[in-house]
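Residue-level listing of the chains:
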Number of protein chains: 2
Amino acid sequence: MADARTLPLGRLGIIGGGQLARMMIPEAARLGLDTVVLDPTPNSPGGQLAGEQIVGALDDASRLAELVRASTLTTFEIETVDTGGLEALAREGHVIRPAPSLLARIQDKLAQKEQLARAGVPTAEFVAIDTPDARALADFGLPLVQKARRGGYDGRGVAVFKAAVIEEEVLAVPSLAERFVDFRCELAVLVARGLGGEVETYPVVEMVFDDRANVLDLLLAPARIDAAVAERARAVAIAAVEAFDGVGVFGVELFLTRDDEILVNEIAPRPHNSGHWTIEACATSQFEQHVRAVAGLPLGSTRQYCPAVMVNLLGTATARGTPVIVGMEAALALPGVAVHLYGKATVSPFRKMGHVTVTAETMDAALQTAAEARDVLRIEGSDPA
Amino acid sequence: MADARTLPLGRLGIIGGGQLARMMIPEAARLGLDTVVLDPTPNSPGGQLAGEQIVGALDDASRLAELVRASTLTTFEIETVDTGGLEALAREGHVIRPAPSLLARIQDKLAQKEQLARAGVPTAEFVAIDTPDARALADFGLPLVQKARRGGYDGRGVAVFKAAVIEEEVLAVPSLAERFVDFRCELAVLVARGLGGEVETYPVVEMVFDDRANVLDLLLAPARIDAAVAERARAVAIAAVEAFDGVGVFGVELFLTRDDEILVNEIAPRPHNSGHWTIEACATSQFEQHVRAVAGLPLGSTRQYCPAVMVNLLGTATARGTPVIVGMEAALALPGVAVHLYGKATVSPFRKMGHVTVTAETMDAALQTAAEARDVLRIEGSDPA
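To keep things clear, this report deals only with the structure shown in the data block.

1. Quick word on the sheet that holds strand S9 (residues 175–179) of chain B
Adjacent strands of a sheet form backbone hydrogen bonds with each other and so pair up, either parallel or antiparallel.
All names here are of chain B.
Right, so step 1: Taken in spatial order, the four strands line up as S6-S9-S7-S8 in an open sheet, and their pairing is antiparallel. Since the sheet does not close on itself, it has two edges, and those belong to strand S6 (126–129) and strand S8 (158–161), each with one partner. Averaged over all neighbouring strand pairs, the angle between strand axes comes to 20 degrees, with direction disregarded.
Right, so step 2: Note that strand S7 (residues 144–148) and S9 share five bridges and pair antiparallel.

2. Comments concerning the interface of chain A and chain B
Right, so step 1: The interface is formed by 52 residues belonging to chain A together with 52 residues belonging to chain B.
Right, so step 2: When the buried surface of chain A facing chain B is broken down by residue, Leu 7, Arg 30 and Tyr 305 of chain A rank first, second and third, together holding 15% of it.
Right, so step 3: On inspection of chain A and its partner chain B, the count reaches four salt bridges.
Right, so step 4: Secondary-structure elements contributing two or more residues to the side of chain A that touches chain B are strand S1 (4–6), helix H1 (19–30), strand S17 (323–326), helix H10 (328–332), strand S18 (337–341) and strand S20 (378–381) of chain A.
Right, so step 5: Broken down by class, the residue content of the side of chain A that touches chain B amounts to 30 nonpolar, 10 polar and 12 charged.
Right, so step 6: Where S1 of chain A meets strand S17 (residues 323–326) of chain B, three bridges bridge the pair, whose relative direction is antiparallel. Its bridge partner lying in S17 of chain B, Thr 6 of chain A is registered against Val 324 of chain B.

3. Description of the relation of the copies chain A and chain B
Right, so step 1: With an RMSD of 0.0 Å, the operation that places chain A on chain B is a rotation of 180 degrees combined with a shift of 0.0 Å along the axis. Viewed as a symmetry operation, the transformation between the two copies matches a two-fold axis. Within chain A, the C-alpha atom positioned nearest to the axis of rotation is that of Leu 49 of chain A, 2.4 Å from it.
Right, so step 2: In this assembly, 100% of the residues forming the interface of chain A have copies in chain B that are likewise at the interface, indicating an isologous arrangement.

4. Quick notes on the packing of aromatic side chains
Right, so step 1: Applying the stated rule across the entire model yields three aromatic pairs over all chains.
Right, so step 2: We note Arg 179 of chain B situated over the ring of Phe 140 of chain B; from NZ or CZ to the ring centre the distance is 4.1 Å.

5. A look at the sheet that holds S1 of chain A
Right, so step 1: Across the sheet, three strands lie side by side as S1(A)-S17(B)-S20(B); this open sheet has antiparallel pairing. Looking at strand neighbours, the two that pair on one side only are S1 of chain A together with strand S20 (378–381) of chain B, the edges of this open sheet. Neighbouring strand axes in the sheet, compared pairwise and without regard to direction, differ in orientation by 30 degrees on average.
Right, so step 2: Pairing geometry for S17 of chain B and S20 of chain B, over four bridges, is antiparallel. Pairing of Ile 325 of chain B across the sheet is with Ile 379 of chain B, part of S20 of chain B.

6. Quick look at helix H4 (residues 100–107) of chain A
All names here are of chain A.
Right, so step 1: All of the buried residues along H4 are Pro 100, Leu 102, Leu 103, Ile 106 and Gln 107. One face of H4 carries all of its buried residues, which in axial projection span an arc of 150 degrees.
Right, so step 2: Summarising the contacts, the buried residues of H4 are in contact with strand S5 (73–76), helix H3 (83–91), helix H5 (109–118), strand S14 (248–257) and strand S15 (262–268).

7. Here's the deal with the pattern of salt bridges
Right, so step 1: Following the criterion strictly, the structure yields 42 salt bridges over all chains and no others.
Right, so step 2: A salt bridge links Lys 147 of chain A to Glu 266 of chain A; the nearest nitrogen and oxygen atoms lie 3.5 Å apart. Of this pair, Lys 147 of chain A sits in strand S7 (residues 144–148) while Glu 266 of chain A is found in strand S15, placing the two residues 119 residues apart along the sequence.
Right, so step 3: Ionic pairing is found between Arg 11 of chain B and Glu 52 of chain B, a salt bridge with its closest N-O pair at 2.5 Å. Of this pair, Arg 11 of chain B sits in strand S2 (residues 10–15) while Glu 52 of chain B sits in strand S4 (residues 52–55), placing them 41 residues apart in sequence.
Right, so step 4: Given a relative accessible area of 22%, Arg 11 of chain B falls into the partly exposed group.

Thresholds, definitions, all that
Residues numbered from 1 in each chain as written. Chains lettered and ligands numbered in written order. Predicted model: local features only at pLDDT ≥ 70, side-chain atom pairs only at ≥ 80, totals over all residues. Heavy atoms only, no water. Pairing = 2+ DSSP bridges. Helix = DSSP H or I, 4+ residues; strand = E, 2+ residues; numbered from the N terminus. Axes fitted to C-alpha atoms, helices over the stretch in contact; angles between N-to-C directions. Contact = heavy atoms within 4.5 Å. Buried area = accessible area lost by both parts, 1.4 Å probe. Salt bridge = Lys/Arg side-chain N within 4 Å of Asp/Glu carboxyl O. Nonpolar A, V, L, I, M, F, W, Y, C, P; charged D, E, K, R; others polar. Least-squares fit on C-alpha atoms with pLDDT ≥ 70 in both. Phe/Tyr/Trp six-rings, centres within 6.5 Å; stacked < 30°, edge-to-face > 60°. Lys NZ or Arg CZ within 6 Å of the ring centre and 35° of its normal. Buried < 20%, exposed > 50% of the residue type's maximum accessible area, 1.4 Å probe, protein only. Arc of directions from axis to C-beta.

Here it is in structure tokens:
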């Protein structure tokens, strides 16, 4: 019988048990997939909802193998994984999506940019710097951004030099130097790509960053840009994902320059913080879409129902210990506010503890309510500051 | 500090681990509540996502007490529970919402109707019949519906007599006889009521039943009725829930008579099959709303973003054994189709195995896609028919 499948369809293994796994698991469940996560923290945010959690480090080859062997299909919610072990498991015939080889190229920011450049995808000018020092960086010219090739995340592994290269701030690891882009705004496009190469993009969003923590602070969906610019942003994002032959959902971060040029900043090979708003505001959330793509099911509609604004809920600058949420009642009393808490047992300064999505009839209304929610809500800690 | 809460907020116990618990659990998680379910089936639909499952019958007083004592707050997803034990636990100071006394009155269909009648809420004419036989029923007059006072569910415990009372079809249990309503259509309204008596209603929906299985077959949100009728339906539904001083989400089933009268058919003291569409189409789903209400948090917006149609996925008339889903790929390829599978390990004829919600720009488009999805999708079983 064509298209007949015994339930459950299989077991989805997720490398990492953070908030992305947490939001992916209920979507997998309703599409007929059991779940198991690998994470070093017992009762992790994802582990709280998964059928099973394997407790182990993401670079522990034996635990990774245990996860992959316990799963009919493995994906990941974090890209800092040992890809060598995964490639060996893929060669044994285990299904891992996106492919470990793709992950290897993306987690090395230099390899990622080289691949984009080869495919003709526009990015900021860059150069490899194997042993960085002030002179090597200065030779590239200012202003510049130094990026560690590996391990950067939420602003770690990045140094910005505008007027001069300060020796003490140079990262002493293999890096690339990138031309600092004087952007008008930062955009992002979620791209979903299926097994057969079919592609769906979500509406372009606009990201506003918190300079203190270099973490996304406010996200507007859709971005306040011209339709023509949005069209180009979607096309560039698709080209970026196609350059890697990606399968799954990808978050493509873009710069819109003052000359209305679109440049790819970075690609995340997984559902992305810039796509959380799709849970409330789109026909298919990024998490369902990712499960559909990696499971080889048809992609869903990315239609947006209404404007949305997303705000991250970070630990305050002094928060330590058990998380304490302040203002939850006031925030939930605002119209169209959805609060997502990630179930993390401890808070630290600027740690992502949750997010809030506001939906409304107009972007102005959503922005106003989001500002109100941000004013009343905060995550503190039980320990004295 | 006002409105400061340590995370997690507490532990929500859910009596019953079926699909309603399954859909409630991720909403509880993101609002900061851990979960534990009680269900007789190990790895129940809800148990697959809950932090913990206690395996036990819903009428096992010791397991019920174990659940309630392990929870800061207990609710239920099924109303056929031993309320005596729960009332004793509530007297000990355990928080159970809605109240066990409310549940006791609602699970006895005669007591439910008497309460509605006392509050002046319109229902079909009815009479108590303690020891039913053809004569007692005939005395009430035809056409009539005989309903068992307890244990009826999805068409069980109901007998309809139109032209004559057939002795062999009379239910030999304490019952009520109700005047058969020659309705134009069946409507339902979800009512959410908070701890302080605040009320929110969702748009009125229209239900089309499958006569073979007497299970909801097709649901349209919003109902194709006049605004004035919808307004009356919402007012009647609110009056019904207020008659019981209810806290939580309630599914109120209504008849719209050929004279445009609104009559309450039945109340379900919990999220309801007629409200699954709110997951995709409303700012706040019925499951989040129920958690907000029972946890004493502010109610959320019930704004509907777009028309929606819901179809139940029942086992076919001969399905037995392990469930096999046919047509999933074809269904997911249709625009705006969300498939929800409940994770049940075995299928039986007409068993609820999942549902499909279709969202679209217009009701006509949603209806057409829903019809296509229903044509391609079915749940069969591994055992030969």
